[in-house]
Structure formats: structure tokens, C-alpha cells
There are 2 protein chains.
Amino acid sequence: MKRIPQDTILRLSSYLMALFNISGEMHEISSYRLAKILGINPNQLRKDLSYFGKFGRRGVGYKVEDLIYSLKKILGLDKIWNVALCGLGNLGRALCSYKGFSEQGFLIKVIFENDPKKIGRKFNNIEVLDYKHIEGKIQKYNIQIAVLAVPVGQAQELAEKIYNSGIRFILNFVPLNINLPSDCLIRNVYMSSELTCLSYFLARR
Amino acid sequence: MKRIPQDTILRLSSYLMALFNISGEMHEISSYRLAKILGINPNQLRKDLSYFGKFGRRGVGYKVEDLIYSLKKILGLDKIWNVALCGLGNLGRALCSYKGFSEQGFLIKVIFENDPKKIGRKFNNIEVLDYKHIEGKIQKYNIQIAVLAVPVGQAQELAEKIYNSGIRFILNFVPLNINLPSDCLIRNVYMSSELTCLSYFLARR
């Protein structure tokens, strides 16, 4: 299979999201209609799906449940992934309580912190451990993904620790470009950047 | 000025973020070095900036403080924007406590909810009001941006209410493609999509 662009993967995820949202009401949907709900071009939708095989029938469209099943499988959402959350500040606590993650099979198994007041306690029934013990615990809990929600000043050093413990998949919420070897996949969620995009256009009204 | 792509604006925001992060240590930086910190091509950086004028000096680079000042002005971050937060669940509470927003001039002035237990109270000293009163309060607080952090089932209807009250800039955290007329700019933060991108590649290791 050829290498699929990350933007295609992100779009597949939005297709799945839209299908979830309509699955209570509809059993079949045309690519035209689904694309319209998503606000994209139907050709884009068909092209993205075509990387992964044949879906739907000409003139009929996609069976919603079938396409959900296929997309979940393609996106690795038919499996359980173990997640380590780093940082239990406001954002970390929110992420920990966010049901959207666990519903999709991303389970936070352990939390790392460097605040002595938080270490050794539990949050949402999940152990809060010292950064110092990352290496051993990543193994113990069979962690595949680390989520970074620490202060900017701690992020790079911590990311290196995580990398050295064997993790190659990071979801980063810290407003910082983390530098790690290229065999580590980092996806960034920069919430302020999106707000900034709004303010740019607001300032030009 | 020609129409600038939204991706350029998002990158400008990441340049500003990187400059903030180094401003304590460096006074000048070359486009090459800055691009390296950002993990992008220096030509991309220079091209993005060139939309907005001439910055830096050949062979010397950019003055960090000057470029921060210019980027803040370009991005509308030299102003204060009034924000209405819709939804005070886990995510809404985290957003409300997230200092990154207020530090950049995005001030949450009012919160909307439909939970009678939350309405009429205050959170972080901000009034929590009923969805019913959106129209009048958007005017009263001179709101420019609405942040959506409500359950999926409430999002579209609420977005239409917000639109009808005059808001044209929305930051959406709800995993749903919101449909509004095209004169409304919606930026989406789909946190699960980024995790899904990781799981796609994890499943193919």
C-alpha cells in the first residue's frame, strides 16, 4: 500500500465522526450527501476512501454501519491503546475526564507529575507517579501513547525521557515544537493557534 | 493584500509561539535557525512572512522582540477579544481555567449553559447564564468569539442561535461538522482526531 498522507487520516477520522453522528437516523448515505454534511468535495471523500479499497455501491451509497466498521478498523480504533498522561494541571485533568478518548479505546493507564502534592495519589482512580519512574512504568503498563500536558519549560526534557523509555507516539498539547528523532510521531494540538486564526480575521473585518 | 491561506496564519501563530519560547535566551535569530526549531523549511518561513512585508536583515536574521511585536500585530493579538464559552462540562471548565487564552488577549466574559444546577452561579468569577439569554448577552458583553464545548446533540442548534445573535467567529471543540452560512468562520479542534492519527500508524507498526 502506498504511504497515506496524514491529512487523509485526519479526514477519515472526521468521516467516522460524521457517520457516528448520523448512525441513529440513517442506514445508508450517498457520498454526495456525506460530503455535504462534512462541508467537503465528494471527490475528496471518494479519493480518501479509495486508498483502502472499495466501499459502497454506485447509485446507492454507503451502508453507514459497514463504513463505520471499516473506518474503525482502518484507523486502529478496533483495538485498545494504553495511554500515559503527563501533567495533571487544568488541561491534564480535563483530558483525564474526557470521555471521548476512552470511548474510542484510548485508556489512560497512568499519570506522571512532578508536583509532590499530586504524586502518590489517584485521580479518576488512576495512579499519579513521579516523572522519575517513567521508564519502568511505561513498560509495566504497556503504554503505547504519551499525552503531553505539562508547562512549556518541562516539555522538551520530558519528551526525551518518554522517547528513551521506548514510546514513539506522542499527542502534544504544549505550545512548543518538540524535537525528537524522526521515528517518533508527534501530533500537536495547539488550541491557542486556532483562536489566533480567528483573531487574525477578526482584526481585518 | 492578497487573500492569505488559513494554513499560513496557523504557521504564523506557531512562529510566534517559538519566538516567545526563545525570547528569554536570544535577541536575534536567523530564518534558518528558527525554521530548524520549528521543524520546517526556511523557505516556507520566509514565504509566509513575505506576505506581510520585509522582516529581518540578510545575514543577520530577525530581531526576536521586533518579530514578536510584528506577528502579534498581524495576528490581531495586540487587541483584547471578548469570548463567550458555551458549555461548562469538563472541557469547558478546563478551557475556562486555561491561562494560554487570557495571556493572548482572549477573555472569557460570559458562560452559557442549559444545566439548571450551573445557571445563575459563577465559575472563575464569570457569570453562568442560560442559553435562552444568549442573544441579549452577546450584545451586552460585546462578544466577538464563541467557544463551543457542549455535547454533540446540542451543538448545531446552539451554533445557529449564536450565529443569529451576530457572532461570526467560532472555535468549536465539539466532534461535529457545524453547518453555518459561509460568512461565519469556524475553526475546529478535534482532539480525538489527532489521537486517531496516532492509532492509525500504531496499528501499522
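Residues numbered from 1 in each chain as written. Chains lettered and ligands numbered in written order. Predicted model: local features only at pLDDT ≥ 70, side-chain atom pairs only at ≥ 80, totals over all residues. Heavy atoms only, no water.

1. What about the overall build of chain A?
Right, on to step 1. Along chain A, the regular secondary structure elements total nine helices and nine strands.
Right, on to step 2. Overall size of chain A, expressed as C-alpha extent along the three principal axes, is 60 × 45 × 35 Å.
Right, on to step 3. Counting across all 205 residues of chain A, residues that qualify as buried make up 54%.
Right, on to step 4. Of the charged side chains in chain A, 29 are positive and 17 negative; the average position of the first set lies 5 Å away from that of the second. (Helix = DSSP H or I, 4+ residues; strand = E, 2+ residues; numbered from the N terminus. Buried < 20%, exposed > 50% of the residue type's maximum accessible area, 1.4 Å probe, protein only. Lys, Arg positive; Asp, Glu negative; His and termini not counted. Charge placed at Lys NZ, Arg CZ, Asp CG, Glu CD.)

2. Focus on the packing of helix α2 (residues 31–38) of chain A against helix α3 (residues 42–50) of chain A
Residue and element names in this part refer to chain A.
Right, on to step 1. Between α2 and α3, the least distance of the axes is 8 Å, while the angle of their chain directions is 110 degrees. Of the possible angle classes, the one that applies to α2 and α3 is roughly perpendicular. In this structure, α2 contributes Ser31, Tyr32, Leu34 and Ala35 to the contact, and α3 contributes Pro42, Leu45 and Arg46. (Axes fitted to C-alpha atoms, helices over the stretch in contact; angles between N-to-C directions. Parallel < 35°, antiparallel > 145°, perpendicular 65-115°, else oblique. Contact = heavy atoms within 4.5 Å.)

3. As for unusual backbone geometry
In terms of backbone geometry, most residues other than glycine have negative phi values and most peptide bonds are trans.
Residue and element names in this part refer to chain A.
Right, on to step 1. A positive phi is found at Asn124, a non-glycine position, where the angle reads about 50 degrees.
Right, on to step 2. Positive phi is not limited to glycine here, since Asn125 has a value of about 70 degrees.
Right, on to step 3. Tracing the sequence through the fold places Asn125 in the loop between β5 (122–123) and β6 (126–130).
Right, on to step 4. The exposure class assigned to Asn125 is exposed, which follows from its relative accessible area of 67%.

4. Points about the sheet that holds strand β9 (residues 185–188) of chain B
Adjacent strands of a sheet pair through backbone hydrogen bonds, lying either parallel or antiparallel.
Residues and elements named next belong to chain B.
Right, on to step 1. The mixed open sheet is built from seven strands, whose spatial order is β5-β6-β4-β3-β7-β8-β9. The sheet terminates laterally at β5 (122–123) and β9, the two strands that pair on one side only.
Right, on to step 2. When strand β3 (residues 81–86) meets strand β4 (residues 106–113), the two strands line up parallel, connected through six bridges. By the bridge assignment, Asn82 is partnered in β4 with Leu107. (Pairing = 2+ DSSP bridges.)

5. Overview of the confidence of the model for chain A
Predicted coordinates in regions of low pLDDT should not be interpreted in detail.
Right, on to step 1. A residue-level look at chain A finds 99% of positions with pLDDT of 70 or above and a mean pLDDT of 92.
Right, on to step 2. Listed scores for the predicted complex are pTM 0.86 and ipTM 0.89. (pLDDT = per-residue confidence, 0-100.)

6. A short note on the packing of aromatic side chains
Residue and element names in this part refer to chain B.
Right, on to step 1. Evaluation of the coordinates by the stated rule reveals eight aromatic pairs over all chains.
Right, on to step 2. Ring centres of Tyr98 and Phe101 lie 4.9 Å apart, and the angle between their planes is 90 degrees; this geometry places the pair in the edge-to-face category.
Right, on to step 3. Taking the relative accessible area as the measure of exposure, Tyr98 reaches 18% and is therefore buried.
Right, on to step 4. Between the aromatic rings of Tyr200 and Phe201, the centroid separation amounts to 4.8 Å while the plane-to-plane angle is 90 degrees, which identifies the pairing as edge-to-face. (Phe/Tyr/Trp six-rings, centres within 6.5 Å; stacked < 30°, edge-to-face > 60°.)

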